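Architecture at a glance
Spelled out from the first residue to the last, the chains are:
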Amino acid sequence: MTTDDPKQRIMKLRTEIERHNRLYYIDAAPEITDREYDALLQSLDELEKRFPEFASATSPTQRVGGAPLDRFENVQHAVPMMSLSNTYSKEELVEFDRRIRRLIPEETFDYILEPKIDGVAISLRYEDGELVRAVTRGDGATGDDVTSNVRTINSIPLRLSDLMPPAVLEVRGEIYMDTAGFAKLNEERQEAGQEPFANPRNACAGSLKLLDPREVAKRPLDAIFYATGQLDGIAFDTHEQMLQTLKGYGLRITPNYWLNDTIEEILDQLDALEALRHEFPFEMDGGVIKVNERRLYEDLGYTAKSPRWAVAYKYEPEQAETTLHAISIQVGRTGVLTPVAELEPVQLAGTTVKRATLHNEDEIRRKDIKVGDRVIIEKAGEIIPAVVNVVKEKRTGAETEFRMPTACPVCGSEVEKREGEVALRCINLQCPAQVKSWLTHFASRGAMDINGLGESLVEQLVDGGLVKNPAELYALQKIEVLGLERMGEKSAENLIKGIEESKKRPFEKVLFGLGIRHVGKGAASILAKEFKNIDALMAADIQRLETIHDIGPIVGKSVVEYFVSDQARGVLNQLREAGVNFEQAQAGGSNELEGLTFVLTGSMESMSREEAGDKIQARGGKVSGSVSKKTSYLVAGESAGSKLAKAEKLGVTILSEEQLLALLGSDEKLKDQKAGQLGFEF
Ligand code: IVH
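Residues numbered from 1 in each chain as written. Predicted model: local features only at pLDDT ≥ 70, side-chain atom pairs only at ≥ 80, totals over all residues. Heavy atoms only, no water.

Defined as follows: UniProt positions are given in the numbering used here, feature names are shortened, and annotations may be inferred rather than shown by experiment.
The name given to the protein in an unreviewed UniProt entry is DNA ligase, and the organism recorded there is Pontiella desulfatans. The record in UniProt for the protein states the following under Function (unreviewed entry): "DNA ligase that catalyzes the formation of phosphodiester linkages between 5'-phosphoryl and 3'-hydroxyl groups in double-stranded DNA using NAD as a coenzyme and as the energy source for the reaction. It is essential for DNA replication and repair of damaged DNA." The record in UniProt for the protein states the following under Sequence similarities (unreviewed entry): "Belongs to the NAD-dependent DNA ligase family. LigA subfamily."

This is the structure in structure tokens:
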């Protein structure tokens, strides 16, 4: 068999992609960039489309598939999914140990301590190494079949990494939303006028219940496995051995665990674990103590709901009591008014908390929060302090009811509540608060990437009346900028140059920079590729937008609403007149690299591989993650490794960084750009 055999190529690519998944998710030691990974996935996708006879449900291209469901099927667990008995008391742990030793007096064994993850329990079933089903715990006997949602979680392998996998392997674990992802999701929901989730567990449970896997795929979900269900063709002596085997298969396990032969030492370890509580990227609400020797499980037995060989010790939630002095209002990028509790500073989970989000007016009413109240605060998702409840017994009668303002506190304009939304919004697109966050977004790295234009400069530009929308940036004169704080001759020049250069950014970045609600980087890129220019996109109606793969009704509606707004159209015209790029490069711009495929390896001096890839694509070239006979050029940076060797072997033309720069054209002031971005960019 040769590598020209499509089946072989497809198999090889799948294995390679799975290996990179493992390196990224399990070993935290990626060998390629996101872009290179995407390029591999794209090559595989193209091959699978050309040769549909080799399609497979476990291919990494098939994570998000199928139409939205009407409801979830109820499925019986092959082995019941038990829960754990919980305790907050160390005495009860000592009692747990005594009971075990009474039941098996002759045995010697170890305890294993693991962090308790606060997520949603899940059972995955692999048959002959392939993921066939994912079911929630439900009532323990039957649960919901959420396979199509769980398949979208990139860290969960669709195939186990083993050439001889067991006939049946059921693994059980916890799906969770990491704390950073939770904070970002809630911020987005807030900006979209939606009800935020109370904590990462609710956000995770809510995500798993979505009927459209494409929506689930956008949620930052992850999973850790710590138990088994039905097994056929495999057995484990100890829990630790089971964990390590799962890890070998490519399933994520807890980042740390402790083994000890006495409960006293476990009690000490629990304190050590508690000290690490805020270091985990997920919500950790206690420790789980299990007997390590699995042969003892049958002897120890089970109660109606939980095993006698394991117990969960829960840490008290970290809360603090303080006084709510006032409620202030923040105005976000899309004009959403968010009430914020101004608190008497108080220590909570290692930081001083002065403010806490109150989300929206409904939340204030629901919790009956008044200004002057003593309140209990907690950190939702370890990051964002939230008011949990009011200590009503401490009310003096001097507390006052809070009402949301009827005008925007920043610009005085009218506020509105849109249908189906919980939030109030300022309707003035020129509200300085909105303009500031719009400009900051427009200038950010993922959008127009205007060097030097950060939040504080934006603040000055808007407050000084110099800029009222992104288009006005392009009319800024050096002399105007020179009048700003901490702005010397050189930085003023650089800023103007940075703004000028941003006119050449690819269409998808401009589209993202416009800040259309719900249009993130991914949607912007899809829309740019589909419509090729702004006029075609503006002419599209909701039906047309909804026919596009991966563009849902929410994005579609938001795009249409954006373009009917006179204010938005005005800014677009101004941007166009300023010379900002509103066309996809291949459709009209330069495409001198069309038909050429590049592979980038090693590190470059003048730019990152990511940037080099952007520039190649902007000129119509393709970027691939692996070298083959079809590769036109291999660009070899510093410390290029196996790809360089392979390219040499195949006789592929090798380019140095300088040669690539020459090929990209002399107009590039690449050397000016941020130098020396080496290695991986995860
Ligand atoms: S073992 C047979 N280990 O916490 C019981 N559970 O409050 C298997 N949980 O039902 C469960 N972290 O959903 C186990 N390291 C861990 C866990 C863990 C979180 C969950 C699980 C369990 C619940 C009990």
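1. Here's the deal with the sheet that holds strand S4 (residues 120-127)
The strands making up a sheet are joined through hydrogen bonds of the backbone, oriented either antiparallel or parallel. Put simply, the rule is: Strand pairing requires that DSSP identify at least two bridges connecting the strands. Secondary structure elements follow DSSP: runs of H or I no shorter than four residues count as helices, runs of E no shorter than two count as strands, and numbering proceeds from the N terminus. Axis definition: a line fitted to C-alpha atoms, over the contacting stretch in the case of helices. Angles run 0 to 180 degrees between N-to-C directions. Contact definition: two residues touch when any of their heavy atoms are within 4.5 Å.
Taken in spatial order, the four strands of this open sheet run S5-S4-S7-S8, and their pairing is antiparallel. Every other strand in the sheet has two partners, leaving strand S5 (130-136) and strand S8 (221-232) as the edge strands with one partner each. The average undirected angle you get between the axes of adjacent strands in this sheet is 25°. Contacts from helix H6 (residues 200-208) reach S4, strand S7 (168-177) and S8, with the element oriented near 125° to S7.

2. Some remarks on the sheet that holds strand S22 (residues 653-655)
Strand order in the open sheet formed by four strands is S20-S19-S21-S22, with parallel pairing between adjacent strands. Across the chains shown, the open sheet's two edge strands, defined by having one partner strand only, are strand S20 (622-624) and S22. Averaged over all pairs of adjacent strands, the angle between their axes in this sheet comes to 35°, without regard to strand direction. As defined by bridge partners, strand S19 (residues 597-601) adjoins strand S21 (residues 633-636) across four bridges and the pair is classed as parallel. What sits directly across from Thr601, in S21, is Ala636. Against the sheet, helix H2 (residues 34-50) makes contact with S19 and S20, and its axis sits at roughly 100° relative to S20, the strand it touches most. Helix H25 (residues 657-664) rests against S19, S21 and S22 of the sheet, and its axis sits at about 90° to S22.

3. Observations regarding the side chain of Arg172
Rules: For the exposure calls, accessible area comes from a 1.4 Å probe over protein chains only, and a residue counts as buried if that area is under 20% of its type's maximum, exposed if over 50%, partly exposed in between. N or O atoms within 3.5 Å of each other form a polar contact, as long as, within protein, one can give a hydrogen and the other can take it, and as long as residues adjacent in sequence are counted only when both atoms are side-chain atoms.
Relative to the helices and strands, Arg172 is located in strand S7. Note on Arg172: relative accessible area 6%, which makes it buried. Among the polar contacts made by the side chain of Arg172, one reaches the side chain of Glu170 at a distance of 3.4 Å. Sequence-distant contacts of Arg172, defined by excluding residues within four places in its chain, comprise His77, Val79, Pro80, Met81, Ile122, Ser123, Phe225, Tyr226, Ala227, Thr228 and Gly229.

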